[in-house]
Amino acid sequence: MYPQQIIDALRHVRYPGNGKDLIESGMLEDDIRISGFQVSFSLIFPKENDPFLKSVLKASETAIKTYVEPNAAVTVHTKFTKQTTPRKDDHPLSQVRHIIAVSSGKGGVGKSTVAANLAIALAQQGCNVGLLDADIFGPSQPKMFNLEYARPEVSVVDGKDLIEPIEQYGVRLLSIGFFVEPDNAVVWRGGLASNAVKQLLTEADWGALDYLLIDLPPGTSDIHLTVVQTVTLSGAIVVTTPQPVALADARKGIDMFKNDKVNVPVLGIIENMAWFTPAELPDNRYYIFGKDGGRLLAEELSVPLLGQIPLVESIRQAADDGTPIALQTGHPAAMFYNDIARTLINNH
């Protein structure tokens, strides 16, 4: 083995943050060491809490064994161009490991249903999970968690008044829906809505969490920018259907996160309502909104496809009943969310 083989092998590994290979991205440090079948080198990541670190390290080791030497003992060291600025200890989010935005280019694609089920699936796999419903003008999480008439309390923590999230199904939840009547519309200007989201983020006692999911409004708005400017996001998940109209808006949403001024890693795309299978014909698939649109968009933009979720009546019914389908761990539909949760845990 010699260094150029290592370099050529790493050209087969793409960094999901920009879609370029590791060499083109300038991520390989000039410290390749080879001794017999032992190989070591360093990869330079943009930041310490990079959401793609684990998956890139695994892919790099696999590339060496695939393209250079199957018996190689590979050691990959990590370096960082930007040290993560630690949050102040007295900040309510100082104990949150990963903050992930769940977004969609347009409404009606099932973003909030995905966020609710994913939060529950993560909690069922042993994670401490919070969910912020930041969809100010259409908050739906209180209904899906059977908490429409719940009202959070305020506690004094270290001399500060903090809102206490309400725990349901193992998830700590906050929503603007807790502070307005269920049948009343929220008619606010953009600045007021953004301030409300900021308050729910920073003036709440979230405690120690592995994941805080933020259910963003559809499209791109002031609220998205407020969230990005208020907290450091580990990444964003974009939900879409296979329909071309939804894909066009999803593309804009992904572009927003990749924009230099926002610069949030896109962890992947979830294709919702990917197909329909009637109960009486379990082996049939009907592609009502088109076929594989989300998968093809993920390939085109070099972002991961986290999963394809079918159009299933039980998912809709469970959400409307306030008991999301992910609570039924043995249900076939719940497995789609469990698989996505495992992927997030393994890679981030």
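Located above this text is the structure these notes cover.
For the structure given in this document, a descriptive report is provided here. All figures in this text were calculated on a predicted structure; none of them were measured in a lab.

## A short note on the pairing of strand 9 (residues 160-163)
Consideration 1: When strand 8 (residues 154-157) meets strand 9, the two strands line up antiparallel, connected through four bridges. Across the sheet, the residue bridging to Val157 is Lys160, located in strand 9.
Consideration 2: Linkage of strand 8 to strand 9, two consecutive antiparallel strands, is achieved through a turn of two residues, within which Asp158 is found at a positive phi near 55°.

## What to know about the environment of Val303
Consideration 1: With respect to the element layout, Val303 can be found in the loop between helix 8 (293-301) and strand 15 (305-311).
Consideration 2: Measuring from C-alpha to C-alpha, the distance between Val303 and Tyr15 comes to 9.1 Å, with 288 residues separating the pair along the chain.
Consideration 3: If we skip the residues at most four places from it in the chain, Val303 touches Lys258, Val266, Ile269 and Ala298.

## With respect to helix 7 (residues 244-258)
Consideration 1: With 15 residues, helix 7 should reach 21 Å at 1.5 Å per residue; the first-to-last C-alpha distance of 21 Å fits that figure.
Consideration 2: Contacts from the buried residues of helix 7 go to strand 6 (96-104), helix 6 (222-230), strand 13 (235-240), strand 14 (266-276) and helix 8.

## Points about the side chain of Asp133
Consideration 1: Here Asp133 lies in strand 7 (residues 129-133).
Consideration 2: Notably, Asp133 is buried but unbridged: the nearest opposite-charge side chain belongs to Lys111, and the N-O separation is 6.3 Å.
Consideration 3: Of the polar contacts made by the side chain of Asp133, one reaches the backbone nitrogen of Ser140; its length is 3.2 Å.

## Some remarks on a nonpolar patch on the surface
Consideration 1: There is a patch of nonpolar side chains on the surface, built from Leu281, Tyr286 and Ile288 and spanning about 280 Å² of accessible area.
Consideration 2: When you line up the elements, Ile288 lands in the loop between strand 14 and helix 8.

## Focus on the packing of aromatic side chains
Between two aromatic rings, the relevant description is the distance of the centres plus the angle of the planes.
Consideration 1: Per the stated rule, a full pass over the model turns up four aromatic pairs.
Consideration 2: Where Tyr15 meets Phe45, the ring centres are 6.5 Å apart and the plane angle is 70°; that geometry is what we call edge-to-face. A residue pair is termed long-range when its members are at least 10 positions apart, and Tyr15 in strand 1 (residues 14-15) and Phe45 in strand 4 (residues 38-47) qualify at 30 residues.
Consideration 3: The rings of Tyr15, Phe45 and Phe52 are connected pair by pair, giving a single aromatic cluster.
Consideration 4: Across from the ring centre of Trp275, 3.6 Å away, lies the NZ or CZ of Arg285, which sits over that ring.

## Structural notes on the pairing of strand 11 (residues 171-175)
Consideration 1: Buried residues dominate strand 11, accounting for five of its five residues.
Consideration 2: Neither face of strand 11 is left uncovered, since the one carrying Val171, Leu173 and Ser175 and the one carrying Arg172 and Leu174 both have all their residues buried.
Consideration 3: As defined by bridge partners, strand 7 adjoins strand 11 across five bridges and the pair is classed as parallel. By the bridge assignment for strand 11, Asp133 is matched with Ser175.
Consideration 4: Here three bridges tie strand 10 (residues 166-168) to strand 11, and the two strands are oriented antiparallel to one another. By the bridge assignment, Ile166 is partnered in strand 11 with Leu173.

## Notes on the nonpolar core
Consideration 1: Membership of the largest hydrophobic core comes to 103 residues, with the highest contact counts inside it found for Phe41, Ile64, Leu201, Ile214, Val227 and Phe257.
Consideration 2: If one sorts the elements of this core by residue count, helix 3 (residues 111-124) sits on top with nine residues.
Consideration 3: If we skip the residues at most four places from it in the chain, Val227 touches Val197, Leu201, Ile214, Leu216 and Leu233.

## Some details on the environment of Gly19
Consideration 1: Within the secondary structure, Gly19 sits in the loop between strand 1 and strand 2 (20-21).
Consideration 2: Judged by relative accessible area, which is 9%, Gly19 ranks as buried.
Consideration 3: Between the C-alpha atoms of Gly19 and Ser302, which are 283 residues apart in sequence, the distance is 4.9 Å.
Consideration 4: Among all residues touching Gly19, those that are not within four sequence positions of it are Arg14 and Ser302.

The rules behind these values
- Per chain, the residues get numbers from 1 upward, laid out in the order the sequence is written.
- Given that the model is predicted, a residue must reach a pLDDT of at least 70 before its local features are reported, and side-chain atom pairs must reach 80 or more before they are shown or counted; all residues, however, enter totals for whole chains, interfaces and linings.
- To obtain the side-chain values, all non-hydrogen atoms of the structure were included, while hydrogens and water were left out.
- Only when DSSP finds a minimum of two bridges between them are two strands counted as paired.
- Per the convention used, a helix needs a DSSP run of H or I reaching at least four residues, while a strand needs a run of E reaching at least two, with both numbered from the N terminus.
- Any two residues having at least one pair of non-hydrogen atoms within 4.5 Å are treated as being in contact.
- Multiplying 1.5 Å by the helix residue count minus one yields the expected span of that helix.
- We call a residue buried when its accessible area falls under 20% of the maximum for its residue type, exposed when it is over 50%, and partly exposed in between, using a 1.4 Å probe and counting protein chains only.
- For the charge count, each Lys or Arg is scored as positive and each Asp or Glu as negative, with His and the chain ends excluded.
- One side-chain nitrogen of Lys or Arg within 4 Å of one carboxyl oxygen of Asp or Glu is enough to make a salt bridge.
- What qualifies as a polar contact is a pair of N or O atoms within 3.5 Å, subject to a donor-acceptor requirement within protein and to the restriction that residues adjacent in sequence count only when both atoms come from side chains.
- Residues enter a patch when their relative accessible area is above 30% and they make no salt bridge; the linking distance is 9 Å between like charges and 5 Å between nonpolar side chains (Val, Leu, Ile, Met, Phe, Trp, Tyr).
- All accessible-area figures derive from a Shrake-Rupley calculation using a 1.4 Å probe, and residue coverage is judged against the displayed protein chains alone.
- Between rings of Phe, Tyr and Trp, where Trp is taken as its six-membered ring, a pair exists when centres lie within 6.5 Å; planes separated by under 30 degrees are stacked, by over 60 edge-to-face, and by other angles tilted.
- Note on criteria: charge over ring means Lys NZ or Arg CZ within 6 Å of the ring centre, with the direction from the centre no more than 35 degrees off the ring normal.
- Nonpolar cores were defined as sets of buried Ala, Val, Leu, Ile, Met, Phe, Trp, Tyr and Cys residues, with membership established by side-chain atoms within 4.5 Å.

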